[in-house]
Amino acid sequence: MEYQSPGTVEEAVSLLAGASGTSKVLAGGTDLLVQLRSGFVEPDLVVDLKRIDALTSITEDAGGFRIGAAVSCAELGEHAALSAAWPGIVEAARLIGSEQIQSRSSLGGNLCNASPAADTVPALIAARAVCSVVGPGGQRDIPVEDIVTAPGETSLQPGEIVVSLNLPARPSRSADAYLRFIPRTEMDIAVVGSGVSLTLSEDGTVSDAHVGLGAVAPTALLVSEAGQALVGTSCDDAALDAAAAAASAACDPIDDKRGTVEYRVRVAGVLTKRAAAIAYQRAGSR
Amino acid sequence: MTYEDGKLKVVGTRPIRPDGVDKVTGRANFGADHSMPGMLWGRILRSPHAHARITGIDVSKAEALPGVKAVVTGADMAESSGSADAGESAINLRDLSRNVLAHDKVLYDGHAIAAIAATSDKIAREALKLIDVGYEVLPHVMDVDEAMKPDAPLLHDDMFTEGIEPTPETSSNIAKKMVIGFGDVDDGFAKADVIIERTLKTAPVHQGYIEPHACVATISEDGQAVVWCSSQGQFVIRDLCSQLLGMEAADVRVIPAEIGGGFGGKTTVYLEPVALMLSQKSSRPVKMTMTRGEVFRATGPTSASSMDVKIGATRDGRITAASAEFRFQAGAFPGSPVGAACMASFAPYDLENVSITGYDVVTNGPKVAAYRAPGAPQGAYAVETVVDELAEALNMDPVDFRALNGAREGTKAPYGATFKVVGNLECLEATKDHPHYKSNLGPDQGRGVASGFWFNIGGQSAATVAINPDGTVSVVEGNPDIGGSRASMAMMAAEVFGVAVEKVRPMIADTASIAHNDVTGGSRVTFATGMAVVQASEDAVEQLKKRAAKMWDVEVEDVVWQDGAAHTATKDAPLTLADIAAQAGRTGGPITGNASINARGAGPAFTTHICDVEVDRETGAVEILRYTAIQDAGKAIHPSFVEGQMQGGVAQGVGWALNEEYIYSTDGNMENPGFLDYRMPVASDLPMIDTVVIEVPNPSHPFGVRGVGEAPIVPPLAAVANAVYDAVGVRMTELPISPPRLLAAIDAYKAAAE
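Residues numbered from 1 in each chain as written. Chains lettered and ligands numbered in written order. Predicted model: local features only at pLDDT ≥ 70, side-chain atom pairs only at ≥ 80, totals over all residues. Heavy atoms only, no water.

(A) Highlighting the overall build of chain B. Across its full length, chain B carries 21 helices and 30 strands. Over its C-alpha atoms chain B spans a radius of gyration of 27 Å, differing by no more than 12% from the 27 Å that the globule rule assigns to 754 residues. Dimensions of chain B along its principal axes, counting C-alpha atoms only, are 90 × 75 × 50 Å. Looking at chain B as a whole, 61% of its 754 residues are labelled buried. Entry remark: accessible area of chain B is about 27200 Å², with carbon and sulfur atoms responsible for 50%. In chain B, which carries 63 positive and 95 negative side-chain charges, the distance between the mean positions of the two groups comes to 4 Å. (Helix = DSSP H or I, 4+ residues; strand = E, 2+ residues; numbered from the N terminus. Rg over C-alpha atoms; globule rule 2.2 N^0.38 Å. Buried < 20%, exposed > 50% of the residue type's maximum accessible area, 1.4 Å probe, protein only. Areas by Shrake-Rupley, 256 points an atom, 1.4 Å probe, with all protein chains shown as cover. Lys, Arg positive; Asp, Glu negative; His and termini not counted. Charge placed at Lys NZ, Arg CZ, Asp CG, Glu CD.)

(B) Seen up close, the side chain of T628 of chain B. Residues and elements named next belong to chain B. Relative to the helices and strands, T628 resides in strand β29 (residues 622–632). Under the relative-accessibility criterion, T628 is labelled buried at 0%. Side chain to side chain, T628 and H436 meet in a polar contact 2.6 Å long. In this view, T628 contacts H434, H436, T608, H609, I610, D690 and V692; residues no more than four positions away in its chain are not counted. (Polar contact = N/O pair within 3.5 Å; in protein donor to acceptor, adjacent residues only side chain to side chain. Contact = heavy atoms within 4.5 Å.)

(C) Representation of the side chain of N698 of chain B within the structure. All names here are of chain B. Along the chain, N698 turns up in the loop between β30 (689–694) and α20 (716–728). Engagement of the side chain of N698 in a polar contact is seen with the backbone oxygen of V705, the distance being 3.1 Å. With sequence-adjacent residues up to four places away left out, N698 is seen in contact with F527, G601, A602, G603, G634, G704, V705 and R706.

(D) The confidence of the model for chain B, seen in detail. Averaged over all residues, the pLDDT of chain B is 97; the fraction at 70 or higher stands at 99%. Model confidence for the complex is summarised by a pTM of 0.97, with the ipTM given as 0.95. (pLDDT = per-residue confidence, 0-100.)

(E) Inspection of the pattern of salt bridges at higher detail. What the rule picks out here adds up to 58 salt bridges over all chains. Between K7 of chain B and E4 of chain B there is a salt bridge, and its shortest N-O distance comes to 3.7 Å. Overall, K7 of chain B belongs to the exposed group, its relative accessible area being 62%. Classification of E4 of chain B by relative accessible area gives exposed; the value is 54%. The partner of D388 of chain B in a salt bridge is R731 of chain B, with the nearest N and O atoms 3.0 Å apart. Residue D388 of chain B is found in helix α11 (residues 376–393), and its partner R731 of chain B is found in the loop between α20 and α21 (739–753); the two are separated by 343 residues along the sequence. One continuous salt-bridge network, built from bridges that share partners, spans R184, D188, K257 and R258 of chain A together with D677 and R679 of chain B. (Salt bridge = Lys/Arg side-chain N within 4 Å of Asp/Glu carboxyl O.)

(F) Expanded view of the domain arrangement of chain A. Residues and elements named next belong to chain A. Per the domain assignment, the segments making up chain A are domain 1 (2–115 + 130–167) and domain 2 (174–284). Taking only C-alpha atoms into account, the centre of domain 1 sits 25 Å from that of domain 2. Each side of the interface is counted separately: domain 1 has 15 residues, and domain 2 has 10 residues. The tally of links from domain 1 across to domain 2 stands at 1 salt bridge. Between R282 and E91 there is a salt bridge, and its shortest N-O distance comes to 2.9 Å. Applying the counting rule to domain 1 against domain 2 returns 5 residue pairs in polar contact (both at pLDDT 80 or more). Elements represented by at least two residues in the side of domain 1 that touches domain 2 include exactly α5 (87–93) and β8 (148–150). With 5 residues, α5 is the single largest residue contributor to the side of domain 1 that touches domain 2. (Domains from an automatic or database assignment.)

(G) Structural detail: the sheet that holds strand β4 (residues 58–61) of chain A. Residue and element names in this part refer to chain A. Taken together, the 5 strands give an open sheet; going across it, the order is β4-β5-β10-β6-β7, and neighbouring strands pair in antiparallel fashion. Both outer strands of the open sheet, β4 and β7 (138–143), are each paired with one neighbouring strand and no more. Here the strands of the sheet are splayed against their neighbours by 25° on average, with no regard to which way each runs. Pairing analysis gives 4 bridges linking β4 to strand β5 (residues 64–68), with the strands arranged antiparallel. (Pairing = 2+ DSSP bridges. Axes fitted to C-alpha atoms, helices over the stretch in contact; angles between N-to-C directions.)

(H) Highlighting the domain arrangement of chain B. All names here are of chain B. The domains assigned to chain B are domain 1 (5–27 + 458–599), domain 2 (34–138 + 211–260 + 266–298) and domain 3 (301–456 + 603–753). Look at where the C-alpha atoms of domain 1 and domain 3 centre, and you get two points 38 Å apart. On the domain 3 side, the residues contacting the 23 residues of domain 1 number 21 residues. Both sides of the domain 1 and domain 3 interface together cover about 1700 Å² of buried area, and 63% of this is carbon and sulfur. Three residues stand out in domain 1 for area buried against domain 3, namely R14, S523 and F527, and they jointly supply 33% of the buried area on that side. On inspection of domain 1 and its partner domain 3, the count reaches 1 salt bridge. Contributing elements (two or more residues each) for the side of domain 1 that touches domain 3: α15 (485–497) and α16 (525–552). Grouping the amino acids of the side of domain 1 that touches domain 3 by side-chain chemistry returns 10 nonpolar, 9 polar and 4 charged. (Buried area = accessible area lost by both parts, 1.4 Å probe. Nonpolar A, V, L, I, M, F, W, Y, C, P; charged D, E, K, R; others polar.)

Structure representation (structure tokens):
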């Protein structure tokens, strides 16, 4: 196995594009190292992205943010402006693994590992994040929900890497929230995750809302119906119940060691309702 | 000799543990830390099937791989018979041999089939893929109730249920039936005003020790073998290896490593005989370590259980009769702890009429191993749930109900013994008086209590103390330290000698350096080995007095030992231990003390726990809000370690109650062989666990010690379940109380109420 840690995006792309055997990208390694040690993957080439400046920095851009794909989750939590504007994304990032894991894990890695249960992906979907992808053919922008196509599979072409996750500028009274359910309090994988991002109009009603769900389908979902159920309301019980029902209806989960179909469908609604209430309260207090 | 509580100077204090610095700095050597020149790496090929006949094993391609130095299979093992004494229980050697390497059938997912030693771990892993095994896959059975049915797939054609007269003529998965009790339960139930009867089930759970099994073994050309490994008893490892491989005990020297948790699961062998076989074949030392997946799939969980419990009481709260049937899953070979479950579960109660039946049942899972108070947590979960329900039906406080019917001095236990001095009622009284029990609860919160019992054992222990020329003391004993026992040994010796504990260094010797010691198990070490250390220290004190008499030229009868020195009426200045030690060469040579005992009179442990929970009614999640464990320790030698044992037992018991379970696919493969999906509690899942140490001294021990390590895992399963009931009104009769299961039960309860 060959290990490379290039200093630029171009070098990384050229290494990956030129690889003859199987290659893996390391954007923290908190999934990859476990897979390597268990013998689940045996790549010929590992390309470490942690030494590329563009991938390890957060820049504010026209009111929005460009988050390098390999920025650690711990750094997200330490970024005051990002934490203030996108508390839901940051709380999702701070739920991954443990403190130690968060010092390595990244949004790009969490996304491209392509697990249906990735914690940050529903929050990023709710935030309408867009990925900057660079490959041998140049650069393109892809909505975050279009990256993962199936468990363990992405729409990235050979040699392509996600360089940054871009968050749009926020209207003033906007906020997001992310909740996940696990049977323990930490060190676990989401049984269900729900991210809600919303904006309030002058009168305090919701003018725009988006809901992302994780661990309830082969890929994380953008649930437009759930977001729509909140628009025009002040997140009263009826609106929250409607959003919960829409979230549950969108689920297409499996029975596995982490939860049953019935349980996931039910809890997806519960978490969506609760996350929406938190996001609404946060937006209203701005 | 006994020691008065008020005059103790070391016992009951909290010094730094002698092994602490090495453990927190990473210097301590655990099972996988030993290495040797020329060492090979061993790996095991394991069954992918829950039940299959092996039609052939072709190892030729693996043997031909460069770097592979030895391959062994079950065919390389001598045929074993008879049983070995493992301290707490007898081990059937024929079954053990077949568990270590399958002979003709694989009986569970993960069952060892063949092993390889190679010059690198990578080559050994590669070589495993080159072994061709032919399987004829057979139907399997996992559930204990299913396994007992007449048409269930049979694991062993030659198994006929023991304990039934006459012995059945058809084979079955029921290895053994047992019945204990006394009185007339039919008559007792006839006198009851209220009878509660429930069926409850628990899942298989693993001990979850952090350190996976690991060893290094070497055999030289003259047949002398050395094994370095982490275990709960170097002597049981030696005896099992030598008996399985047809060697003499003196030819196998086992050197104990530090142990990273055992909880009963490291009282038998898995890797050690295989590493010895590989070493014999390759003439090289062989190191073997298990992955976490191997630990889960192939080493001892404890039994899943299915239990019926029935208890009747009069309107004024007196229990008139109790009966139970316990069906315990043993895994692939007989030997579940159902016997202990039968004996222990009703022991907190003073009963007139009791009848308990137990079944030991084989299933296609790993052979169960001992786990902290084996059998008692399952049984207590069933009994204490029914007791809680009965108290409620009688409109009585659950602690008062337990105290009214509580076992006390003179109570005849269901297993026949009559209790001497025990602390059951003292624990219940302390529970009732505790601020926790009197505190208020909020919405969706509930409180549960449960009691527990454990026998504790004594057994064989040997100890030697040596007085060093500078007056320091070396204590040599033979029990691996899994709960702070080295500290306790040093403290008890220091108390006898009357010196500071820092002057005493405890050491755990290998099998060639001290006489036999039973395993570290049964909560026996501080009691039994502690007694041996006390007696060896007293032996040395006698020697010291004789030497002092010689130095003073007085009669030894005129010498007394006090505060670390010899005193005699005719001399003003005493002779300290250091004074005498310095002159040992001139007064007769080195000074030692020895004791070899079979300790009797282990005092049983009683305990009561209080648990508060909050239930999220929309997700079924249970949060442990507050937890208090009250236990009679007899006498706490080092109170911090007694408290630590109590807290650790609660943590494991809470895991058992809420989330831990073996999850199997329909093919019988374990789906969660790792700590991610086998959900033991993490630190943030638990509040600080409060402890109350009750001290009702055990008259059989010089300091009054009772074993403490096992009893604390007995009550939590029921305490949590009773608290959940109190919070949401749902009786959880199956563990774990995982969120999906609890949410479904809450829904069903709501639906029934509407």
